[in-house]
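Given next are the chains, with one letter for each unit.
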Amino acid sequence: MNTSDGKTLTVPRHVGIIMDGNGRWAERHAFARAAGHKQGAEAFRTLAYYCRDIGMDYLSVYAFSTENWKRDKLEVSAILRILEDYLIEAIEKMAREGLRMRILGDTAPLSERLKRLIGEAHSIADTYEGFTANLCVNYGGRDEILRAAKKAAESGAAFEDCLDTAGLPDPELIIRPGGEHRLSNFMLWQSAYSELYFTDTLWPDFEPADLDAAIVWYNQRERRFGGR
Ligand code: FPP
């Protein structure tokens, strides 16, 4: 991709985003928390198309963690409802728009309706190649590692092939908006050599220009992978 001053930048193949700050965004606008999540889903929509257009291969976003069940019931159901609506929309138009939507995480405890929608979205995504947006739902890095270890022990398959991210490159860049500097159980295995970018911008306010800034920063990093 090219910057406005004509420089060529390498776009990471896989970017992970911890979408943080929806609650504070809602509070600042005197809205209910659910409105913050809704606005966060809009920010995701805009960014996913942008990532497709700049030639990224995978965008993985942390939508609902294994720990988020501890939140107020109303907030949990609001997030799961947004996900449902999102999947319905994706099923209808993702093939036309050259975008594949997948869900990573342990889907077993989700509602039958959500599981059916996820199954439908995956079977459509399986029919073509192209940019993939991964929504991590009931996802936790530790839980993923435990599930993968169990599956590998039972099946004899290689450990990495049993992770939710089997077949995907590790994220070269992980972005956390919202001001906190931690991974919060996101892609613990896959982030071993990821570059970590933090910004105070709250997720619902995160725009393509913020991603550009992260990619410019990423291009200034020297990645050594333990070598010198
Ligand atoms: C963290 O912000 C955000 C979440 C726990 C949920 C993220 C979910 C969405 C954006 C909606 C579903 C997503 C898609 C893409 C369909 P927080 O609530 O912890 O914010 P706070 O730290 O300001 O309270």
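Preceding this paragraph is the structure being described.
Residues numbered from 1 in each chain as written. Predicted model: local features only at pLDDT ≥ 70, side-chain atom pairs only at ≥ 80, totals over all residues. Heavy atoms only, no water.

**Things to note about helix 2 (residues 33–53)**
Point 1. For helix 2, with 21 residues, the first-to-last C-alpha span of 31 Å sits near the 30 Å given by 1.5 Å per residue.
Point 2. Of the residues making up helix 2, those classed as buried are Gly36, His37, Gly40, Ala41, Ala43, Phe44, Leu47, Ala48, Tyr50 and Cys51.
Point 3. Where helix 2 ends, the next residue or the one after it, Gly55, has phi of about 90°, a positive value. (Helix = DSSP H or I, 4+ residues; strand = E, 2+ residues; numbered from the N terminus. Expected span 1.5 Å × (residues − 1). Buried < 20%, exposed > 50% of the residue type's maximum accessible area, 1.4 Å probe, protein only.)

**Description of the packing of helix 2 against helix 3 (residues 73–93)**
Point 1. Taken N-terminus to C-terminus, the directions of helix 2 and helix 3 make an angle of 30°; their axes are 9 Å apart at the nearest point. Taken together, helix 2 and helix 3 sit at an angle that is classed as roughly parallel. Viewed along their axes, helix 2 and helix 3 form a crossing whose handedness is right-handed. Residues Arg33, Ala34, His37, Lys38, Ala41, Phe44, Arg45 and Tyr49 of helix 2 form the contact with helix 3, whose own contacting residues are Glu75, Ala78, Ile79, Ile82, Tyr86, Glu89 and Lys93.
Point 2. Its residues assigned to classes, the contact of helix 2 with helix 3 shows 8 nonpolar, 1 polar and 6 charged. (Axes fitted to C-alpha atoms, helices over the stretch in contact; angles between N-to-C directions. Parallel < 35°, antiparallel > 145°, perpendicular 65-115°, else oblique. Left-handed = near helix turned anticlockwise from the far one by under 90°. Contact = heavy atoms within 4.5 Å. Nonpolar A, V, L, I, M, F, W, Y, C, P; charged D, E, K, R; others polar.)

**Section: the site of the ligand**
Point 1. Neighbouring the ligand are 18 residues, the closest being Asp20, Gly23, Arg24, Arg33 and Arg71.
Point 2. Contact between the ligand and Asp20: an oxygen atom at 3.1 Å from a side-chain N or O atom of the residue.
Point 3. One of the backbone N or O atoms of Gly23 is found 3.1 Å from an oxygen atom in the ligand.
Point 4. Protein chains bury 91% of the 620 Å² of accessible surface belonging to the ligand in isolation.
Point 5. Looking at the shell around the ligand residue by residue, the class counts come to 8 nonpolar, 6 polar and 4 charged. (Near = heavy atom within 4 Å. Polar contact = N/O pair within 3.5 Å; in protein donor to acceptor, adjacent residues only side chain to side chain. Areas by Shrake-Rupley, 256 points an atom, 1.4 Å probe, with all protein chains shown as cover.)

**Focus: the sheet that holds strand 2 (residues 58–65)**
Point 1. Strand order in the open sheet formed by 6 strands is 3-4-2-1-5-6, and the pairing between neighbours is parallel. At either margin of the open sheet sits one strand with a lone partner, and together these are strand 3 (100–104) and strand 6 (195–198). Neighbour to neighbour, the strand axes of the sheet diverge by 20° on average, direction disregarded.
Point 2. When strand 1 (residues 14–18) meets strand 2, the two strands line up parallel, connected through 5 bridges. Bridge pairing in strand 2 places Gly16 opposite Ser60.
Point 3. Strand contacts of helix 2: strand 1, strand 2, strand 3 and strand 4 (132–139), with the helix running at about 160° to strand 2, the strand carrying the most contacts. (Pairing = 2+ DSSP bridges.)

**Some details on the nonpolar core**
Point 1. If you look at the biggest cluster of nonpolar residues, it comprises 51 residues, and the most contacted ones within it are Ile17, Phe44, Met56, Leu59, Met101, Ile175 and Leu211.
Point 2. In terms of residues, this core owes the most to one element, helix 3, which gives 9 residues.
Point 3. What Met56 contacts, discounting residues up to four positions off in sequence, is Val11, Pro12, Arg13, Val15, Cys51, Phe131 and Leu211.
Point 4. Ile18, Tyr62, Ile174 and Met187 belong to the second-largest nonpolar core, a separate cluster that totals 8 residues. (Core = buried A, V, L, I, M, F, W, Y, C linked by side-chain atoms within 4.5 Å.)

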